[in-house]
2 protein chains.
Amino acid sequence: MKVLPTLRQLRYLVAVVERCHFGQAAEACLVSQSTLSAGIQELEELLGAPLLERTKRSVVPTPLGREIAARAKALLTGAEELVDAAQAAKEPMAGPLHLGVIPTVGPFLVPRAMPALRAAFPALKLYLREDQTVRLLAQLNAGELDTVVLALPFPTEDVETLEIARDRFWVVCPPGHRLCSAQAASAADMAPEDLLLLEDGHCLRDHALAACALEGGRRSAAFQGTSLHTLVQMVANGLGVTLLPEMALEAGILRGLEVSALPLSGEAPWRRIGLAWRRSSGRKETFRRLAAALQAEMEPRPPPG
Amino acid sequence: MKVLPTLRQLRYLVAVVERCHFGQAAEACLVSQSTLSAGIQELEELLGAPLLERTKRSVVPTPLGREIAARAKALLTGAEELVDAAQAAKEPMAGPLHLGVIPTVGPFLVPRAMPALRAAFPALKLYLREDQTVRLLAQLNAGELDTVVLALPFPTEDVETLEIARDRFWVVCPPGHRLCSAQAASAADMAPEDLLLLEDGHCLRDHALAACALEGGRRSAAFQGTSLHTLVQMVANGLGVTLLPEMALEAGILRGLEVSALPLSGEAPWRRIGLAWRRSSGRKETFRRLAAALQAEMEPRPPPG
DNA sequence: TCTGATCAATCGTAAAATTCGATTAATCTA
DNA sequence: TAGATTAATCGAATTTTACGATTGATCAGA
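Conventions adopted
- Residues numbered from 1 in each chain as written.
- Chains lettered and ligands numbered in written order.
- Predicted model: local features only at pLDDT ≥ 70, side-chain atom pairs only at ≥ 80, totals over all residues.
- Heavy atoms only, no water.
- Helix = DSSP H or I, 4+ residues; strand = E, 2+ residues; numbered from the N terminus.
- Rg over C-alpha atoms; globule rule 2.2 N^0.38 Å.
- Buried < 20%, exposed > 50% of the residue type's maximum accessible area, 1.4 Å probe, protein only.
- Contact = heavy atoms within 4.5 Å.
- Areas by Shrake-Rupley, 256 points an atom, 1.4 Å probe, with all protein chains shown as cover.
- Lys, Arg positive; Asp, Glu negative; His and termini not counted.
- Charge placed at Lys NZ, Arg CZ, Asp CG, Glu CD.
- Buried area = accessible area lost by both parts, 1.4 Å probe.
- Salt bridge = Lys/Arg side-chain N within 4 Å of Asp/Glu carboxyl O.
- Polar contact = N/O pair within 3.5 Å; in protein donor to acceptor, adjacent residues only side chain to side chain.
- Nonpolar A, V, L, I, M, F, W, Y, C, P; charged D, E, K, R; others polar.
- Least-squares fit on C-alpha atoms with pLDDT ≥ 70 in both.
- Core = buried A, V, L, I, M, F, W, Y, C linked by side-chain atoms within 4.5 Å.
- Disulfide = S-S within 2.5 Å.
- Axes fitted to C-alpha atoms, helices over the stretch in contact; angles between N-to-C directions.
- Parallel < 35°, antiparallel > 145°, perpendicular 65-115°, else oblique.
- Patch = residues over 30% accessible without salt bridge, like charges linked within 9 Å, V, L, I, M, F, W, Y side chains within 5 Å.
- Pairing = 2+ DSSP bridges.

With an unreviewed UniProt entry as reference, chain A is termed Hydrogen peroxide-inducible genes activator, source organism Roseicella aerolata.

Undergrad: What is the right way to read the overall build of chain A from this model?
TA: The number of helices and strands found in chain A is 11 helices and 11 strands. A globule of 305 residues ought to have a C-alpha radius of gyration of about 19 Å, yet chain A, at 24 Å, is considerably larger. Across the 305 residues of chain A, 50% fall into the buried class. A sequence separation of at least 24 residues applies to 75% of the contacts in chain A between residues at least 6 apart. Within the structure as shown, chain A displays about 14,100 Å² of accessible surface, and the carbon and sulfur contribution to it stands at 52%. Distance between charge centroids for chain A: 4 Å, based on 32 positive and 34 negative side chains.

Undergrad: Any chance you could explain the interface of chain A and chain B here in plain terms?
TA: How big an interface is tends to be expressed through the accessible area that disappears when the partners come together. With 34 residues of chain A at the interface, the matching set in chain B holds 34 residues. Carbon and sulfur atoms supply 72% of the area buried between chain A and chain B, which totals about 2,900 Å² over both sides. For chain A, the biggest contributors to the area lost against chain B are Leu4(A), Arg71(A) and Leu82(A); these three give 22% of the whole. The shortest N-O distance in the salt bridge between Glu80(B) and Lys2(A) comes to 3.9 Å. On inspection of chain A and its partner chain B, the count reaches 8 residue pairs in polar contact (both at pLDDT 80 or more). Put simply, the parts of the chain that give the side of chain A that touches chain B at least two residues each are α1 (7-19), α2 (22-29) and α4 (63-90) of chain A. The element contributing the most residues to the side of chain A that touches chain B is α4(A), with 18 residues. In terms of residue class, the side of chain A that touches chain B is made up of 21 nonpolar, 5 polar and 8 charged.

Undergrad: I would appreciate a short explanation of the pattern of salt bridges in the present structure.
TA: Side chains carrying opposite charge are able to pair once their charged atoms draw close together. For the structure shown, the criterion picks out 38 salt bridges over all chains. Salt bridges here are not isolated pairs; linked through shared partners, they connect Lys2(A), Glu80(B) and Asp84(B).

Undergrad: Where do I start with the relation of the copies chain A and chain B in this structure?
TA: Here the second copy of the chain follows from the first by a rotation about an axis and a shift along it. For the pair chain A and chain B, the superposition axis carries a translation of 0.0 Å, the fit reaches an RMSD of 0.1 Å, and the rotation angle comes to 180°. Such a turn and shift between the copies fits a two-fold axis. Scanning chain A for the C-alpha nearest the rotation axis identifies Leu75(A), at a separation of 3.1 Å.

Undergrad: What exactly am I supposed to notice about the environment of Leu294(A) here?
TA: For Leu294(A), the position within the fold is in helix α11 (residues 284-297). Other than its neighbours up to four places away in sequence, Leu294(A) contacts Leu109(A), Ala113(A), Leu117(A), Val149(A), Ile164(A) and Leu275(A).

Undergrad: What exactly am I supposed to notice about the nonpolar core here?
TA: In this structure, Val149(B), Met190(B), Leu228(B), Leu243(B), Ile253(B), Leu275(B) and Leu294(B) are the most contacted members of the largest nonpolar core, which totals 70 residues. Looking at which element gives the most residues to this core, the answer is strand β6 (residues 159-173) of chain B, with 8 residues. Once residues within four sequence positions are removed from consideration, Ile253(B) is found in contact with Phe108(B), Leu228(B), His229(B), Val232(B), Leu244(B) and Ala248(B). Residues Leu97(A), Trp170(A), Leu244(A) and Val259(A) belong to the second largest nonpolar core, which totals 69 residues.

Undergrad: I'm lost on the state of the cysteines in this one. Help?
TA: What makes a disulfide is a covalent bond joining the sulfur atoms belonging to two cysteines. Evaluation of the coordinates by the stated rule reveals 0 disulfides over all chains. With no disulfide of its own, Cys29(B) lies 14 Å from the sulfur of Cys20(B), the closest cysteine sulfur.

Undergrad: Before we go on, may I ask you to explain the packing of helix α1 (residues 7-19) of chain B against helix α3 (residues 33-47) of chain B in this structure?
TA: What describes two packed helices is the angle between their axes and the distance between those same axes. All names here are of chain B. The interhelical angle for the contact between α1 and α3, taken along N-to-C directions, is 105°, at an axis separation of 9 Å. Between α1 and α3, the angle falls in the class roughly perpendicular. Across from Arg8, Gln9, Leu10, Tyr12, Leu13 and Val16 in α1, the residues of α3 making contact are Thr35, Leu36, Gly39, Ile40, Glu42, Leu43 and Leu46. Looking at the contact of α1 with α3 residue by residue, the classes come out as 8 nonpolar, 3 polar and 2 charged.

Undergrad: Hey, could you run me through the environment of Leu264(A) in this one?
TA: All names here are of chain A. Note that Leu264 resides in the loop between β10 (260-263) and β11 (270-278). With relative accessibility at 0%, the residue Leu264 sits in the buried group. The spatial distance from the C-alpha of Leu264 to the C-alpha of Val3 is 63 Å, given a sequence separation of 261 residues.

Undergrad: What am I meant to see in unusual backbone geometry here?
TA: Glycine aside, residues mostly have negative phi angles, and peptide bonds mostly take the trans form. Residues and elements named next belong to chain A. The omega angle of the peptide bond from Leu152 to Pro153 is -10°, so this bond is cis rather than trans. With respect to the helices and strands, Pro153 occurs in the loop between β5 (147-152) and β6 (159-173). A positive phi is found at Cys20, a non-glycine position, where the angle reads about 55°. Mapped onto the elements, Cys20 comes out in the loop between α1 and α2.

Undergrad: Could you clarify how one ought to interpret a negative patch on the surface in this entry?
TA: A cluster of like negative charges, contributed by Glu157(A), Asp158(A), Glu157(B) and Asp158(B), occupies part of the molecular surface. On the secondary structure map, Asp158(B) appears in the loop between β5 (147-152) and β6. Given the relative accessible area of 47%, Asp158(B) is considered partly exposed.

Undergrad: Can you help me understand the pairing of strand β9 (residues 241-245) of chain A in this one?
TA: Within a regular strand, the side chains alternate between the two sheet faces. Residue and element names in this part refer to chain A. For β9, the buried fraction is high: 5 of the 5 residues fall into the buried class. Of the two faces of β9, the one lined by Val241, Leu243 and Pro245 and the one lined by Thr242 and Leu244 are each fully buried. Note that β6 and β9 share 4 bridges and pair antiparallel. Across the sheet, residue Phe169 finds its bridge partner in β9, namely Pro245. By the bridge criterion, 2 bridges tie strand β7 (residues 195-198) to β9 in an arrangement that is parallel. Considered in β9, the bridge of Leu196 is made with Thr242.

Structural data, given as structure tokens:
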């Protein structure tokens, strides 16, 4: 049987490699600097190789140290997931849960669903974080988030998802615009328009373009907004038309504005919203129930004005 | 920061779940029964849930216990790989290495390549194990094997491979057979023959059939042999023809027998032999060098008689 | 129904480890 | 050069870990 390092030692290493500083690492690990120093040395002795380069006032991990630290971090995440699995087996809907949401969903889903979630799962301590898809997924994989609400599909493996809503696109145009009179707008209708979209990085941009069967490459930065509210203002000022997700309309994003909205028609004129979590997570039952609750909460409502 | 179990506790749990017996598990862990018992209880207390059902003379893991044990085993494997990575970074070609080989390669590759491997890597302690592909892969993923020599492709992910040889198929037929006079045999030539193959489970069976563009379903069990030597004997007795890999011929499998051999022609009349290892392994450099050495050793030789 | 055997839990004690605070040695800054 | 910062080292206190012996429960066979 092989001699293994302890998770404690590995935690010390990860802390030091992340901070390049013994004192700060020790503080983060809630131990004294001498304890952490000794732990690192134990690990280096066990592995028979230097993991850190101590040179003139700065600590730098060796290439091997970086490699070992990465493996160590994965092990620590796995150990946490193991504990989560035990906890969730007893009480799936209890304890802290770090939930990420993309910016084109968060402001509309959170106010709408949170009260019901709080009522249904009073023991669940929900910590919310809003960011773009790629960053949320990075945090998910780093174990900093437990689960994420985002638009499907997205480019990552090692993740499981459940769909919680289909969010129809609506075309929003200024008063008097040629599309206003129609019952719906087709993808073909959109091609000649000045289409206002969010800046790069927002998945809504790509999904909106896809729903219209359009390419995004040629669109200039001048037509990019930083939030859906900004886009609506630009439409109201006659700069063009935009596509908004139905949940934004249902949240009243057009209230008090002189613009018209009509549903997008076509093959699949919506984006799919889903809940995602690490394949290795220990709380899948928690996420399934959370997804079911979100799905119920996001059921389509009477069509928005 | 979450309180984590120790790897020691997890190792105890895995040992008990695998054996359903405290005493035997303690022996396997090289600790006393009381120590192991205490360790398990610590773990159950930490996780706040029973992992084992102690009932009348027998120990059975609870569903949660099984789940936790599976996760624990993965963590332990990961920790071993971490140690391997450190060791291999210092000396890639040193230490114990558990190598699996499929039965249609082992008897021909091992005698041929071992002496050179021993000479090239004297510090490498090679432990060999011969079994069929699926079992080798199971053992590879369980961490019981470090690397495996098998035929490509095979149905598994989480594994990296390098090709080490292309092993041509030869048609072996009894003296006076209609094919004997030809320079080579095509896939079409094989269709009407009584083709003798290994029994199910040997990947050589499937790859040989594929090289002839034939289906395996209709072949009866009566035409199945348990080893390549058996097949050759059956051919010598006039029961049909067979396909042998070139490395078997080079090893002299036909010596002293009244049979003829001619190369198979066609699109890809060979099987590909490769070295495989866990994607998460810490000894990739070791495997790359081993694959290179095996490849050099298995270079085609002057065509066999 | 007893008896001996088996098995996991428990207990008390010895050994080993972990931790901390204080100190040291080295390096950098003012 | 004095002071500040940082990681390593040391010694002592504490905690953890391990062991052997024992207990209590269950089972098999007489």
